[in-house]
Amino acid sequence: MGCGTSITTETQTRRLETAMKAAILIQRWYRRYVARLEMRRRYTWNIFQSIEYAGEQDQLQLSGFFSFMLDNFTQLNGSGPDLISQLLDPVLEPWSERESSYDLIPVPESYSGPHLSFPLSMSHTHALLAAFKDQKLLHARYFVQLLQETRRLLRQIPNIRHLSIPYAKEITICGDLHGRLDDLLLIFYKNGLPSVDTPYLFNGDFVDRGKKSVEVLVLLFSFLLLYPDHMHLNRGNHEDHIMNLRYGFTKEVMQKYKSHGRQILRLLQDVFSLLPVATVIDSRVLIVHGGISDQTDLDFLSTIDRHKVKSALRLPRQMGRQTGSPRPSSRYTKNTRTPTQRRKRLLSGQSSGSSSSSSSSSSLCSPRTPSRLSPRPSPCTPSMPCSREIPPLSFLDCLSALAPPPSPPQQELEWKQVVDILWSDPKPQAGCSPNTFRGGGCYFGPDVTRTLLLHHGLLLLVRSHECKQEGYEVCHNGQVITIFSASNYYEEGSNRGAYIKLGQELVPRFYQYQVSQTTRRLTLTQRVSVAESSAVRALKEKLFAHRSELMTAFQQYDYNNTGCISVSDWAVAIESVLKLDLPWRTLRPRLARLTLGGAVEYSSCFEDMGPGQPLPQVTPNLAETLYRYRTDLEIIFNIIDKDHSGQISIEEFRQTWRLFSAHLGVAVDDQAIDDLARSIDFNKDGSIDFNEFLEAFRVVHKLDYKDQQQG
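For clarity, every value in this text was computed on a predicted model and none was experimentally measured.

Participant: Please clarify how the packing of helix α5 (residues 140-154) against helix α10 (residues 261-274) should be interpreted in this entry.
Facilitator: Geometrically, a packed helix pair is captured by the angle between its two axes and the distance between the axes. One can describe the packing of α5 onto α10 by two numbers: an axis separation of 9 Å at closest approach and a directional angle of 25°. When the interaxial angle is binned, α5 and α10 end up roughly parallel. For α5 against α10, the interelement crossing comes out left-handed. Where α5 abuts α10, its residues Ala140, Phe143, Val144, Leu147, Gln148, Thr150, Arg151 and Leu154 lie against Ile264, Leu267, Leu268, Asp270, Val271 and Leu274. In terms of residue class, the contact of α5 with α10 is made up of 10 nonpolar, 2 polar and 2 charged.

Participant: Help me understand the pairing of strand β14 (residues 497-502) in this model?
Facilitator: When a strand is regular, its side chains alternate between the sheet's two faces. Burial of β14 is extensive: 6 of the 6 residues sit out of reach of the surface. Taking every second residue as pointing to the same face, both faces of β14 are buried, with Gly497, Tyr499 and Lys501 on one and Ala498, Ile500 and Leu502 on the other. Bridge analysis of strand β2 (residues 171-174) against β14 gives 4 bridges, and the strand direction is antiparallel. When the bridges of β14 are listed, Ile173 appears paired with Ile500.

Participant: Which parts of the structure should I look at to understand the packing of aromatic side chains?
Facilitator: Any aromatic ring pair is given by two values, namely how distant the centres are and how the planes are angled relative to each other. Tallying each qualifying case throughout the model produces 17 aromatic pairs. Ring centres of Tyr30 and Tyr33 lie 6.2 Å apart, and the angle between their planes is 35°; this geometry places the pair in the tilted category. Highlighted residues: Tyr30 and Tyr33, both in helix α1 (residues 2-77), separated by 3 residues, approximately one helical turn. According to the relative accessible area criterion, Tyr30 is partly exposed, its value standing at 47%. Centre to centre, the rings of Phe249 and Phe272 are 6.2 Å apart; their planes meet at 40°, and the pair counts as tilted. One end of the pair, Phe249, is in helix α9 (residues 249-257); the other, Phe272, is in helix α10, and 23 residues separate them in sequence.

Participant: Sorry, what's going on with the pattern of salt bridges here?
Facilitator: Opposite charge on two side chains lets them pair, provided their charged atoms get close. Counted under the stated rule, the structure contains 22 salt bridges. In this structure, Lys256 and Glu252 form a salt bridge, with 2.7 Å as the shortest nitrogen-oxygen distance. Remark: Glu252 and Lys256 occur in helix α9; sequence separation between them is 4 residues, near one turn of the helix. On the accessibility criterion, Lys256 (25% relative accessible area) is partly exposed. Each of the salt bridges in this network shares a partner with another, and the network as a whole consists of Asp425, Arg438, Arg463, Glu466, Lys468 and Glu473.

Participant: Before we go on, may I ask you to explain the sheet that holds strand β15 (residues 509-513) in this structure?
Facilitator: Pairing between the strands of a sheet comes from backbone hydrogen bonds, and it takes one of two forms, parallel or antiparallel. Strand order in the open sheet formed by 5 strands is β4-β3-β2-β14-β15, and the pairing between neighbours is mixed. The two strands at the open ends of the sheet, each matched to only one other strand, are β4 (231-233) and β15. For this sheet the average axis-to-axis angle between neighbouring strands, irrespective of direction, equals 20°. Relative to strand β3 (residues 200-202), β2 runs parallel, the two sharing 3 bridges. Of the residues in β3, the one forming a bridge with Cys174 is Phe202.

Participant: Help me out: how do you make sense of the pairing of strand β10 (residues 440-444) in this one?
Facilitator: Summarising burial for β10: 5 of the 5 residues are buried, a large majority. With 2 bridges joining them, strand β8 (residues 425-426) and β10 adopt parallel strand pairing. Within β10, the residue paired with Pro426 across the bridge is Phe444. Pairing geometry for strand β9 (residues 432-434) and β10, over 3 bridges, is antiparallel.

Participant: So what exactly am I meant to see when it comes to the sheet that holds strand β13 (residues 480-483) here?
Facilitator: Strand order in this open sheet of 6 strands is β1-β5-β6-β11-β13-β12, and the pairing throughout is mixed. Two strands bound the open sheet, and with one partner strand each, they are β1 (160-163) and β12 (472-475). Pairs of neighbouring strands in the sheet enclose a mean axial angle of 20°, with direction left out of account. Sheet topology places β12 next to β13; 4 bridges connect them, and they run antiparallel. Looking at β13, one finds that Val474 is bridged to Ile481.

Conventions and cut-offs
- Residues numbered from 1 in each chain as written.
- Predicted model: local features only at pLDDT ≥ 70, side-chain atom pairs only at ≥ 80, totals over all residues.
- Heavy atoms only, no water.
- Axes fitted to C-alpha atoms, helices over the stretch in contact; angles between N-to-C directions.
- Helix = DSSP H or I, 4+ residues; strand = E, 2+ residues; numbered from the N terminus.
- Parallel < 35°, antiparallel > 145°, perpendicular 65-115°, else oblique.
- Left-handed = near helix turned anticlockwise from the far one by under 90°.
- Contact = heavy atoms within 4.5 Å.
- Nonpolar A, V, L, I, M, F, W, Y, C, P; charged D, E, K, R; others polar.
- Buried < 20%, exposed > 50% of the residue type's maximum accessible area, 1.4 Å probe, protein only.
- Pairing = 2+ DSSP bridges.
- Phe/Tyr/Trp six-rings, centres within 6.5 Å; stacked < 30°, edge-to-face > 60°.
- Salt bridge = Lys/Arg side-chain N within 4 Å of Asp/Glu carboxyl O.

As structure tokens, this is what we get:
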């Protein structure tokens, strides 16, 4: 009996050991699986974010071209003010200034959407919610009247709004919505509609990117009018008519309101510029859209005329003329340097924002690379070093470095304060430095945060402006919170949305959500794969648009003309051109093929892509330029296309492209431009169908094209 018991014990022990070994193996496998999945998720996120910020930088540079067009287009066109000048340097017409102008817009009997009368009531907001759920649009008459009433209210609100949380109540703080109506409706469903008992603060970026920006604005402005003491809105960097040109809101308004679109856009410029730029809760919590800099002064900010800052991307034109230069410096400092000191600082590569003790270091349009939309550099002279010896700086900063500007006028200081509030991002390192990744505002460190909070007796800074995978992030030793409320921002399942609830104890509580009809049915691996595929597609399009530059960079490492280079050389070459700061070695299997010897066949980077409908008359160099600046050209031509017909005249095309190519520094002769214009005038009527033009210069993924043919 004792022997049998011993055998049974040994058997159980062996089984237990086998089970433990199996569990350890499974655990190791699972950890490796999760680690690989997390690696894919992180580089996918990095791709999305890098391309997004590169696009913002492109838009900042494009605003320089708009300034160029303002000074040149009217003279070339020979006509009076056009939509370009109206959008960029708005002069309000009597139509949009008269409070009764909505009476000029008739409402047809066939209109089945909501009808508004002012002052608004709860029945109106409920009617709007029901209509938007049924995909109905608010009529232009009511939208104009709503905007005029909102403008009247906003004029009474200070730049920095001071709030207090009532006893036993909480305030809900939401971040970027970006035209995601479903996210807004989900927040209202989970947290309740705005009311006396449920106050809200929406922290900017209500519009752009999403397809329902108009509906989001209508709901927010309606609740603001209904509960002006319990519904609060801060301005974001996308409440800006120049940003709206690139990221979709301008196009959405024109498509939805057609003949009234231009008037509505000009009225929206006024409304956006009147939005408060900051909110303070119980004198302890500061809420701004972007962030701060080492020059942020809340006392000064509270005194400025915010209505003058129609766009944070563009100094008012009269401001530049006061300084006697084309565009004034975007920097201002406490200690003015002499010209010699400025040149020494530039040539030594020192930044004014390298430490917390430095003066203001943020800038607008300060790219990671020299501006693509800046004039071509002048030849080297003994008194002027070659541009390649100067570290990357913005066009505005270069102007300030080469010639001592006069003391910044008051308006420039005010504009600069608004730029920092709307565009800045936190960083883990100490100090304040130019936000070169976005191209505007600054990076501010924990010491900058601590200094400002101590100076004003604050405990916490809440901001938005950056998409976070979990919908929120806490940094700077718990003194800075980022909140982002647009879920699935980059791709289905890419991120959660979140909002904050603050009670009298001022301890933030986070609530997360994700709007989706399909994400819940996907596994984690499937969600990562969907987002990864979308990110890689966008990255491949970026490669194709810079093909000639990349091939030149690759060939510098291909000493024997084999068509192959090492992985490390490939990674260095691709980063030198794209400047996206991505893990290229990790991404290599998704972008390029290896030889049996482990070298990269660099031409394989472009195998999966091709042009949409190539035009034989267009030279390869010009075609690549058109691919690269396709989005910028679309913005420009949408401005020229005043009636939104999709047609522009050949002469308008020629004039605009000549200006654009001159500003880019692209060597394209007039004959090539004329040939291009004639080649895309397919029916020879003297007009160009710009949609066909865009289709011709669209990057097509060949695998998708094959799938479509097979389908």
